[in-house]
Each structure stands twice: as structure tokens, then as C-alpha cells.
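What follows is each chain in one-letter form.
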Amino acid sequence: MKNTFFYILLSLLGMFMLVACGDNSGFMLGDDHYEMDFVSLLNGDVLTRSPPSGSGTYCFFRIQSGGGSGTDLTLLTDLYNRHGDSIAHNERSAPAVNADTPIELPPQLPQGQYKLVLTLKRGEQRLASADRSFFLVDHPVTIQGILSYPIVIFPSRTALLIADIDPTPGLDPYLKWTQGAKKLASGRLNDGYDQILWESPGEDGVYSVEVEVFPFPPDAGAEYPFLSPVKAAAELYISAKDQAPVAARPASLSYNLFDIYIKALRERERVGRGSLEKEAAAEAPQLRQPVPVILGDAIGMKFDGRSGFSCPELIFPVHSRSIDAFTLTLGVKFEGEEAGRNLLSSRTGDGSLEMKLFFSDSGELMLGILTKTSEYLFPSGIDSPPKGARLLIEASVKPVEGRLRVSWKMNGREVSEAEKTVTIEAGEVRGTTVVGGENGVRCSIDTLDVELQ
């Protein structure tokens, strides 16, 4: 028993001495042992080029030693781009030891992702090394936080999460959304990934969601192996309290703005997962998503004349040869010239029918019904509406004895009424609705309801 005890003790002592004498020992830092680390740079850091343009940008490193000098040492500095191509190489004799030392990046280095590698050598012997991946940008990338809608989130419901990112000239940042270890979504800012849908858990509680912002996207199909220092988190409260009365909505309400936008974002994710659909979408004109704005307990969308979104459904109650009675309610604030511009368009897949809300070349708001052979226009009497004031516009569409009657109201006041014989051709009853888009009206929309009569 005693012999066994001494055998174990000697074995442990031998293992200790082997570790202590190794090159990477943490127990001994002798005169001939060197360690190297970056003082001011972590993997994934974002360096902002120092103003004025053309001046140097610096990071700092330190060579540590228990007493050795750097007189017989050589420091190799290598800079690579994101593809691994060498950008710059430098060799420095007798580098400083146990002192913070600066490295100046080339003044004309363009924005991008880079890797900096430091290697310390004595002759051909490699003593220590360190490397860091980083981004270089002309302007800082910043995020203010995460907004969520609706304000009250119920269990097992869909919420819209919005990353409030400050504009960064010349960059198309990449965003990665996570909930703990679970990845929720990722993609470019210009593809609308500052906005994602979040399916709330079925249990009450507080859930943390985080978004990281990288100045540039990674290689296709890959993710960065490091965290971004530019990030924001939101604590989302899920509660079933008062769920029924708050969630109640009229049974006749077929669509609202949030419904339509949810379907548009879900279609984006569906297309993003299918290779054939992704190729078809790449060939189609891309819409830049509008900017969501939260007004009290309601959500709105701000359109700049080119932004918009596409919902994979017809929002109007269309049948093969008929249209059901409905009322379209639009809460809108116009911010630019409207003449000749579009508000929304709902079109069947085979092009047999299109219903659109647009402004004529003279500036009058119109409802248009277009078939393959005919065009029916219903003027509203709303001509060049005022800018900056929130308007509530209603268009009630009702079939009456083989004809179609469209009645218009603005802010509750009747404006006009038009009635025409409309022939609806047989065709598909599925299609797409586009709100805003190219040649769209500059405006903010907070209400877009389609209610069956």
C-alpha cells in the first residue's frame, strides 16, 4: 500500500516537472521565454480610420519576457485581406520587450476585413506568435438598440424586431440575430435584415434577443467565428395577461398593415431557404424595405419613393369572375409629390386582374382595375392632398346589379362616388401585393386595412 502511494506521488511530480519545463509553461517565465499579445485589438474589432483621410490608424501589441531582451530578435508583421492574400510585410530587428508598441496600418488601406499576424523569431527559431482578425472602416458602425412590435407580446405570437442602426455611408452591414445559442436570422442591411420576425415562446417570461452588426458580410454560407463589438440586446417580456381583450379584432377585418408586412417577411425567409426560388428572386427587381416607425401602440411604415415590400397574397377579395364588397382604409401622411406615383398594387399570378391605388399624372388619387383587355378607373376627387398632415382615406368597393360602385371618404367626409360596369375575366385568384416600390409615393402609412362588407 505504501509503495503504491509513493509510486503515484513520483508520477505526479514527474508530470508537474514536464509541464513546468515546456515552452508554453505558465509556471515559469524565464529569461528566454517570450509571449506576445495584442493590447488594443480583439478578434472582430472594428477600427475606424483616423481623420483626416490619409492619416495613420494604429493598434498596439506587447512582447513579454521574464528578463530577456530583444536585441537578437526579429519581429515579422504580416497583413492579409479577407481572402488570405498578402497586403503588407515588415521585419523589425531588436523589437521592444515588455512595452506597448504601436503598429501603423497603411494609410491608404481600403475599407475591408483583414488579418494581422505577428511572429517573433531568433534566427530561424520561432519563439511566439499572435494574430487578430479585424475590420477597417471610414465611419463608425453604431446601433442604438432593438425595437419590438407589438408593444405587448403574447405567448406563441409573431413580433417584429427592428434594429435601430445609424446610417453608415458606403457600407452594407451584415446582421446576425440570436436568442441564446439559437440563431434566429442573418443577412445584409440592404436586404432588410434590420427587421426580422420573432415567434414568441409559449411560456410567460423574459427572453433576451441579441443582434450583432458586422461592417461586411462573411463568405456565402459562412458565419464569422468571432463576436462583433457592435451589438444590442433586448429583454422581451411575454405575458398572457389580458390577452383576449387586447388581441380582439373585427371578424370582418381581412388584412391590416402588420398582417401584410408579416407575410412579406415570411416570404423573404422562405425564398432565402430555397435555391431555385432564390435564383428567381435574384433576377426580379429588389425592393428596399421601408423604415418601420412605432407610433404609440401602432406601427407605421415610412416610404422614400423607392422602398416597398411584396406580400405573396392578393389582399383584395377577388374571385375568378367577381370581386366581393370591401372597404380599404388608408392612414397616410404624404411627404412628396404624388403625381404619377403608386401606393399599392395587387396582381394575380397570371396577370388576368390587377387592382391598384395610384395617383394620376394630374395628381388625383385613383383606384384602377385592370384586366387583360380593359382598364377601369375610379377617381377619388382627392387631388394633390396636403403634405405633412395625417389623412384617413376610405375606398368602399361594392358590386351593385352587375356594376361596381366605389365610394370615397377623406377624414370621415364623403368626397366622391363612381359606378361602372366592370367585366372580370376568369383567371387565378392567387397573386402578389406590392406596397410602395419603385416609383412609389413618398409617405408614411400607419393604417392599411381591408375589411369585408
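The model shown is predicted, which means the values in this text are computed figures rather than measured ones.

Student: How do you make sense of the overall build of the chain when you look at a structure like this?
Tutor: Summing up its helical and strand segments, the chain has four helices and 29 strands in all. With 453 residues in all, the chain has 44% of them scored as buried. Long-range pairs, those at least 24 residues apart, make up 66% of the contacts in the chain with a sequence separation of at least 6. Accessible surface, the chain as shown: approximately 23,400 Å² in total, 52% of it carbon and sulfur.

Student: Is there a simple way to explain the nonpolar core in this structure?
Tutor: Taken as a class, soluble globular proteins show a tendency for nonpolar side chains to be buried jointly. Core analysis: the largest hydrophobic core is formed by 56 residues, its most contacted members being L343, I369, I393 and I445. Sorting elements by how many residues they give to this core places helix α3 (residues 257–273) first, with seven residues. Residues in contact with I393, not counting those within four places in the same chain, are L328, T329, L330, V332, F334, L365, I382, W408, K409 and M410. With 31 residues, the next largest nonpolar core counts I153, A185, F214 and A232 among its residues.

Student: Even after reading the chapter, I still don't get the environment of P379, so can you show me in this structure?
Tutor: Structurally, the position occupied by P379 is in strand β24 (residues 375–383). Overall, the relative accessible area of 31% leaves P379 in the partly exposed class. Among residues more than four places away in sequence, those in contact with P379 are E364, L365, M366, W408 and S416.

Student: Please clarify how the sheet that holds strand β6 (residues 100–105) should be interpreted in this entry.
Tutor: Whenever strands of a sheet pair, they do so through backbone hydrogen bonds, lying parallel or antiparallel. Taken in spatial order, the three strands line up as β1-β3-β6 in an open sheet, and their pairing is antiparallel. Each having just a single partner strand, β1 (34–38) and β6 make up the two edges of the open sheet. Strand-to-strand twist of the sheet, defined as the mean angle between neighbouring strand axes without regard to direction, takes the value 30°. With five bridges joining them, β1 and strand β3 (residues 57–65) adopt antiparallel strand pairing. When the sheet's bridge partners are listed, E35 is paired in β3 with Q64.

Student: It is not clear to me how the confidence of the model for the chain should be interpreted in this structure. Could you clarify?
Tutor: In low-pLDDT segments, the atomic positions of the prediction should not be examined closely. Model confidence for the chain is summarised by a mean pLDDT of 86, while 87% of its residues fall at 70 or above. Across the chain, the secondary-structure element scoring lowest on mean pLDDT is helix α1 (residues 2–21), at 40, and the one scoring highest is strand β11 (residues 174–179), at 97. Every residue in residues 1–30 scores below 50 in pLDDT, and together they form 16 contacts with partners more than four places removed in sequence or on other chains. Confidence over residues 279–284 falls short of pLDDT 50; this stretch has two contacts with residues more than four positions distant or in other chains.

Here is what the cut-offs are and how they apply
Residues numbered from 1 in each chain as written. Predicted model: local features only at pLDDT ≥ 70, side-chain atom pairs only at ≥ 80, totals over all residues. Heavy atoms only, no water. Helix = DSSP H or I, 4+ residues; strand = E, 2+ residues; numbered from the N terminus. Buried < 20%, exposed > 50% of the residue type's maximum accessible area, 1.4 Å probe, protein only. Contact = heavy atoms within 4.5 Å. Areas by Shrake-Rupley, 256 points an atom, 1.4 Å probe, with all protein chains shown as cover. Core = buried A, V, L, I, M, F, W, Y, C linked by side-chain atoms within 4.5 Å. Pairing = 2+ DSSP bridges. Axes fitted to C-alpha atoms, helices over the stretch in contact; angles between N-to-C directions. pLDDT = per-residue confidence, 0-100.

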